[in-house]
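Take a look at the letters that make up each chain.
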Amino acid sequence: MKKLILTLLASLALLGSAQASSEGIAWDKFPAQRLTDTAALQHGAKLFVNYCLNCHQAAYMRYNRLRDIGLTEQQIKDNLVFTGVKVGDLMKTGLDPKEAKEWFGAVPPDLSVIARSRSEEGKGSGADYIYTYLRSYYRDDSRPTGWNNAAFPNVGMPHVLWELQGQQRAVFEEHKEEHGGEVTHMLKGYEPITPGKLSTAEYNDAVADLVAYLQWMSEPAQNERVRLGVWVLLFLAVFTVIAWRLNAAFWKDVK
Ligand code: HEC
């Protein structure tokens, strides 16, 4: 009996470790106070338009909605909208999904609500994930793009912010299971190869701004729903009073 329990425990432990390695690294906490920082959101919007919209779209988002984070129509026109696009347009990409699939092995997902769609129980919010993901790229010559990512192993997306961050390599530690002899690789850390335009602190800052923008972008619809909900409740309240008075008026002479 004792032996059976021990075997059971051992196999459970094995299962646990196998799962831990397949789930990837732990997520860093996204500094959420940025969400109310207009300058950070504006900087994030700029990074988004310059570095992400080439491949991804945000098809639920119009450029002129950026007025909500304090930009004027002129600022949007001058800084964020490229030729042939109007400020009232949706944030669409010119990239053909079929071609993207061919080039990267995967279609770049729409980023309108990405910050809400990637949360995971026990690991963190979607914002935490993206904040970690955009800081976890490392050089890997075995990948078609030359890049790999510790938060999303074998990702199809290249490191589009590498000029800002610089290049780094990942250092892995080998763990050998005692009985099964299976080797797992745990990320120990990164080593710089070439520096980027930004220091590590500045790069973390820039990514935080970008993630704040992605998070904000996934919210306006929600804010609007709340606003609409309030109007619906008000309407129902007023209508109830009218119906009640009407009812009284109709039945007045019957009694
Ligand atoms: C060169 C094209 C390209 C650019 C530019 C690009 N991406 Fe991607 N992105 C991709 C592709 C392709 C995928 C799908 C990867 C996969 O599923 O393997 C992807 C996936 C993602 C994902 C989803 C990851 C997941 O867990 O599913 C996020 C988040 C993301 N990109 C954010 C960004 C942000 C933010 C930027 C701007 C800084 C950006 N991308 C710029 C091509 C691009």
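Residues numbered from 1 in each chain as written. Predicted model: local features only at pLDDT ≥ 70, side-chain atom pairs only at ≥ 80, totals over all residues. Heavy atoms only, no water.

### Brief notes about the overall build of the chain
Within the chain, the secondary structure is distributed over nine helices and six strands. Looking at the chain as a whole, 33% of its 255 residues qualify as buried. Considering only contacts within the chain whose residues lie at least 6 apart along the sequence, 65% involve residues at least 24 apart. In the structure as shown, the chain presents an accessible area of about 16,400 Å², 58% of it carried by carbon and sulfur atoms. (Helix = DSSP H or I, 4+ residues; strand = E, 2+ residues; numbered from the N terminus. Buried < 20%, exposed > 50% of the residue type's maximum accessible area, 1.4 Å probe, protein only. Contact = heavy atoms within 4.5 Å. Areas by Shrake-Rupley, 256 points an atom, 1.4 Å probe, with all protein chains shown as cover.)

### Topic: the pattern of salt bridges
According to the stated counting rule, one finds six salt bridges in the structure shown. We note a salt bridge from Arg135 to Asp28, for which the minimum N-O separation is 3.0 Å. Placement of the pair is Arg135 in the loop between α6 (126-133) and β3 (137-139) and Asp28 in the loop between α1 (2-22) and α2 (38-51), with a sequence separation of 107 residues. Here Asp28 falls in the partly exposed class, since its relative accessible area comes to 35%. One network of salt bridges, with partners in common, ties together Arg34, Asp205 and Asp209. (Salt bridge = Lys/Arg side-chain N within 4 Å of Asp/Glu carboxyl O.)

### Comments concerning the packing of α2 against helix α8 (residues 200-217)
α8 packs onto α2 with a crossing angle of 90° between their chain directions and a minimal axis gap of 7 Å. Taken as axis vectors, α2 and α8 run roughly perpendicular relative to one another. Contacts between α2 and α8 pair Ala40, Leu41, His43, Gly44, Ala45, Leu47 and Phe48 from the former with Ala206, Asp209, Leu210, Ala212, Tyr213, Leu214, Trp216 and Met217 from the latter. Taken together, the residues of the contact of α2 with α8 break down into twelve nonpolar, two polar and one charged. (Axes fitted to C-alpha atoms, helices over the stretch in contact; angles between N-to-C directions. Parallel < 35°, antiparallel > 145°, perpendicular 65-115°, else oblique. Nonpolar A, V, L, I, M, F, W, Y, C, P; charged D, E, K, R; others polar.)

### A closer look at the site of the ligand
Residues in close proximity to the ligand total 22 residues, the closest being Cys52, Cys55, His56, Tyr129 and Met157. His56 places a polar side-chain atom, nitrogen or oxygen, 2.7 Å from a nitrogen atom of the ligand. In this structure, an oxygen atom belonging to the ligand sits 2.7 Å away from a side-chain N or O atom of Arg118. Looking at the shell around the ligand, its residues break down into 19 nonpolar, two polar and one charged. (Near = heavy atom within 4 Å. Polar contact = N/O pair within 3.5 Å; in protein donor to acceptor, adjacent residues only side chain to side chain.)

### What to know about the coordination of the iron atom of the ligand
Those donors, His56 (NE2) and Met157 (SD), are the protein atoms that reach the iron atom of the ligand, and they lie 1.9 to 2.0 Å from it. Between the six donor atoms coordinating the iron atom of the ligand, the angles at the centre fall across 87 to 178°, so the site counts as octahedral. Of this pair, His56 sits in the loop between α2 and β1 (58-62) while Met157 is found in the loop between β4 (147-149) and α7 (162-165), placing the two residues 101 residues apart along the sequence. (Donors = N, O, S within 2.8 Å, 3.2 Å for Na, K, Ca; no water. Tetrahedral: all angles 85-135°; square planar, octahedral: opposite > 155°, others 65-115°.)

### Overview of the environment of Leu95
Positionally, Leu95 belongs in the loop between β2 (90-91) and α4 (97-104). Taking the C-alpha atoms as reference points, Leu95 and Gln57, 38 residues apart in sequence, are found 8.9 Å from one another. Setting aside its immediate chain neighbours within four residues, Leu95 contacts Asn54, Cys55, Ala100, Trp103 and Pro108.

### A closer look at the nonpolar core
If you look at the biggest cluster of nonpolar residues, it comprises 50 residues, and the most contacted ones within it are Phe48, Leu66, Met91 and Tyr213. Counting residues per element, the ones that place at least two in this core are α2, β1, α5 (114-117), α6, β3 and α8. Filtering out sequence-adjacent residues up to four positions away, Phe48 remains in contact with Leu53, Ala58, Met91, Leu111, Leu210, Tyr213, Leu214 and Met217. (Core = buried A, V, L, I, M, F, W, Y, C linked by side-chain atoms within 4.5 Å.)

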